Amino acid sequence: MINRNSVTIENATIMYSKTSPNFAGKAHDFNVAGNRNFCMFIEDSDLAISMKDAGWDVRRLEPREDHPEDTGKYFIPVTVKYKDRYGNPVKNPPQVYIVKSNGKAVPISENAVGTLDNKQIKYIDIILSPSTKDDGTYKAYANTIYVVVEENRLSEKYALEEVPEDDLAPGDDPFNM
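What this report covers is the structure whose coordinates are included nearby. (Residues numbered from 1 in each chain as written. Predicted model: local features only at pLDDT ≥ 70, side-chain atom pairs only at ≥ 80, totals over all residues. Heavy atoms only, no water.)

Details of the pairing of strand β2 (residues 37–42)
With respect to burial, β2 is a largely interior element, 6 of its 6 residues being buried. Relative to strand β4 (residues 73–79), β2 runs antiparallel, the two being bridged by 6 bridges. Residue pairing in the sheet places cysteine 39 in a bridge with proline 77 of β4. (Buried < 20%, exposed > 50% of the residue type's maximum accessible area, 1.4 Å probe, protein only. Helix = DSSP H or I, 4+ residues; strand = E, 2+ residues; numbered from the N terminus. Pairing = 2+ DSSP bridges.)

Some thoughts on the side chain of asparagine 37
Position of asparagine 37 relative to the elements: it lies in strand β2. A polar contact of 2.8 Å, which involves the side chain of asparagine 37, links it to the side chain of asparagine 31. Beyond its immediate stretch of four places on either side in the chain, asparagine 37 contacts Pro21, Asn22, Phe23, Asn31, Val78, Thr79 and Val80. (Polar contact = N/O pair within 3.5 Å; in protein donor to acceptor, adjacent residues only side chain to side chain. Contact = heavy atoms within 4.5 Å.)

So, the pattern of salt bridges
What the rule picks out here adds up to 5 salt bridges. The residue lysine 133 makes a salt bridge to aspartate 57 at a minimum N-O spacing of 3.5 Å. Separated by 76 residues along the polypeptide, lysine 133 in the loop between β7 (121–132) and β8 (138–149) and aspartate 57 in the loop between α1 (45–53) and β3 (59–61) bring together distant segments of the chain. Taking relative accessible area as the criterion, lysine 133 reaches 28% and is therefore assigned partly exposed. Classification of aspartate 57 as buried rests on a relative accessible area of 18%. Its salt-bridge partner being glutamate 151, residue lysine 100 comes within 3.9 Å of it at the nearest N-O pair. On the criterion of sequence distance, the pair formed by lysine 100 in the loop between β5 (95–99) and β6 (105–108) and glutamate 151 in the loop between β8 and α2 (153–158) is long-range, its members being 51 residues apart. In this structure lysine 100 comes out as buried when scored by relative accessible area, which is 12%. (Salt bridge = Lys/Arg side-chain N within 4 Å of Asp/Glu carboxyl O.)

Right, here's the structure in full:
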């Protein structure tokens, strides 16, 4: 049974749309600037139903009428929270890692997590932590995320590690690190 405890989901896929994912926290019609979030599919329908029954904010995309094999998909919105509503750092910020083709997990800082919006994400392994909403349901917060990205041939060949500009200190040379 699923309850208020954290939930681990492996091999989850990100729902791509005009507004998702939004790891950078960009403002748009459905998002206030600074709110980092994404939606992810829950492929295991038994798990999705158990989470929904326990009060998690699990939703369902209805099957498409023009695709008879489509049975619909369950998904959940996930918040990636580094700051509270007053702009102060949260007590336990999410731990986010990119998993490279060589299997190495590279941590991503708060400043660099927005670069995930520009990556082709194969799947994620995630630990979700619940927070009770005003209506008594649970909102999903990212606790730990391992992001497996689709790398290009040269990145795979040389196992390059990108150093986002936000992680560079003034005067750092990204080619001499």
